[in-house]
Number of protein chains: 2
Amino acid sequence: MTVVLQGALAREDRPAWGDACPIERTSTLIARKSTLLLLREALYGTTRFDDFVRRTGMAESVTASQLRALTAEGLLVTRAYREPGQRRRSEYVLTDAGRDLIPVLLALAAWGDRHLPREHGLHLTHAACGADIETGIRCAAGHAVAEDEIVVGLERRS
Amino acid sequence: MTVVLQGALAREDRPAWGDACPIERTSTLIARKSTLLLLREALYGTTRFDDFVRRTGMAESVTASQLRALTAEGLLVTRAYREPGQRRRSEYVLTDAGRDLIPVLLALAAWGDRHLPREHGLHLTHAACGADIETGIRCAAGHAVAEDEIVVGLERRS
């Protein structure tokens, strides 16, 4: 079972979309394990370089270059801070665009929890009511949506 | 604003989780652009090697090695087919575990459509009722969930 393609997408002879596909554009920016671990940590409230290194377990060089890339791409923003007696440093905070990646991180977490289970799992709940965070696909009318009920079409935006 | 961490996760001195984190485990398997493009095509109904190559625009060698990896990891399964007068070949179909990655692909698509807009966007609707597919975060009680209302805790599974 697959999704239902509409219009130009449904053509048997369609060529590669390249960067006309939003999945491809987003993947170009963030489909690297190192990037996703830094985004996870930023979402968890980590802001300082040393904490990113310790909590991701990545090399300092990788951490530095990926934090720089995420900042250049507008997913993180730097903010200056200074500990007493030390030099000025930068800390890294998610931008609105970075925070909008939360559904990607939650979907990765839900899949790993289900299909690659370990001794402990992540349990995600809504602070206001205590209910579990949804991980399935729903429509705006509130229906659970099976994959063969997803209609994918191209829409002109400009 | 960040999520609310609970228990061991909330400790300032927590070390790298490594592969105890389900985001990291899933990322190890699929956080590569080539892998995500093949999963997109499989979700769109592509099953044959030549179609994967044409519709992703990737080199044959990359396509072959990534299809093999996805099959070894249980995200795709091969099925034999034979066109009249030709030799037996394999086609590739999503497994249940592969199909469960749809929320990841939809989240990548929604982000790219919003933050890296182009002339055309993807419009995803529910075939049964016509409503848009939800891209925000909701809880099982149906509330829209802001990021600072997401509680993340560890839960023993075994």
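Before reading on, note that the structure itself is shown above.
This write-up is about the structure you can find in this document.

Each value, and the rule that gives it
- Residues numbered from 1 in each chain as written.
- Chains lettered and ligands numbered in written order.
- Predicted model: local features only at pLDDT ≥ 70, side-chain atom pairs only at ≥ 80, totals over all residues.
- Heavy atoms only, no water.
- Axes fitted to C-alpha atoms, helices over the stretch in contact; angles between N-to-C directions.
- Helix = DSSP H or I, 4+ residues; strand = E, 2+ residues; numbered from the N terminus.
- Parallel < 35°, antiparallel > 145°, perpendicular 65-115°, else oblique.
- Contact = heavy atoms within 4.5 Å.
- Nonpolar A, V, L, I, M, F, W, Y, C, P; charged D, E, K, R; others polar.
- Buried area = accessible area lost by both parts, 1.4 Å probe.
- Salt bridge = Lys/Arg side-chain N within 4 Å of Asp/Glu carboxyl O.
- Core = buried A, V, L, I, M, F, W, Y, C linked by side-chain atoms within 4.5 Å.
- Buried < 20%, exposed > 50% of the residue type's maximum accessible area, 1.4 Å probe, protein only.

### A short note on the packing of helix H6 (residues 102-115) of chain A against helix H1 (residues 22-30) of chain B
Here is step 1 of the chain: The geometry of H6 of chain A relative to H1 of chain B is characterised by a closest axis approach of 7 Å and an angle of 90° between their N-to-C directions. When the interaxial angle is binned, H6 of chain A and H1 of chain B end up roughly perpendicular. The segment H6 of chain A lies against H1 of chain B, with Leu105, Leu108, Ala109, Trp111, Gly112 and Asp113 of chain A engaging Pro22, Ile23, Arg25, Thr26, Ser27, Leu29 and Ile30 of chain B.
Here is step 2 of the chain: Taken together, the residues of the contact of H6 of chain A with H1 of chain B break down into 8 nonpolar, 3 polar and 2 charged.

### Digging into the interface of chain B and chain A
Here is step 1 of the chain: Each partner contributes to the interface: chain B provides 96 residues, whereas chain A provides 96 residues.
Here is step 2 of the chain: Buried area between chain B and chain A, both sides added, is near 8700 Å², and the carbon and sulfur share of it is 60%.
Here is step 3 of the chain: Interface area lost by chain B to chain A is led by Ile23, Tyr44 and Trp111 of chain B, which between them contribute 8%.
Here is step 4 of the chain: Across the contact surface, chain B and chain A share 18 salt bridges.
Here is step 5 of the chain: Note that Arg55 of chain B is salt-bridged to Glu12 of chain A, the shortest N-O span being 3.5 Å.

### Quick look at the nonpolar core
Inside soluble globular proteins, nonpolar side chains tend to come together where they are buried.
Here is step 1 of the chain: Tyr44 and Ile150 of chain A together with Tyr44 and Ile150 of chain B are the most contacted members of the largest nonpolar core, which has 86 residues in total.
Here is step 2 of the chain: For Ile150 of chain B, the contacting residues outside a window of four places in its chain are Ile102, Leu106, Leu124, Thr125 and Ile133 of chain A together with Val3, Val4, Ile137 and Val145 of chain B.

### What about the environment of Leu116 of chain B?
Here is step 1 of the chain: Looking at the element boundaries, Leu116 of chain B is found in the loop between helix H6 (102-115) and strand E4 (120-126).
Here is step 2 of the chain: Its relative accessible area of 22% is what places Leu116 of chain B among the partly exposed residues.
Here is step 3 of the chain: The residues contacting Leu116 of chain B, other than those within four sequence positions of it, are Arg25, Thr26 and Leu29 of chain A together with Trp111 of chain B.

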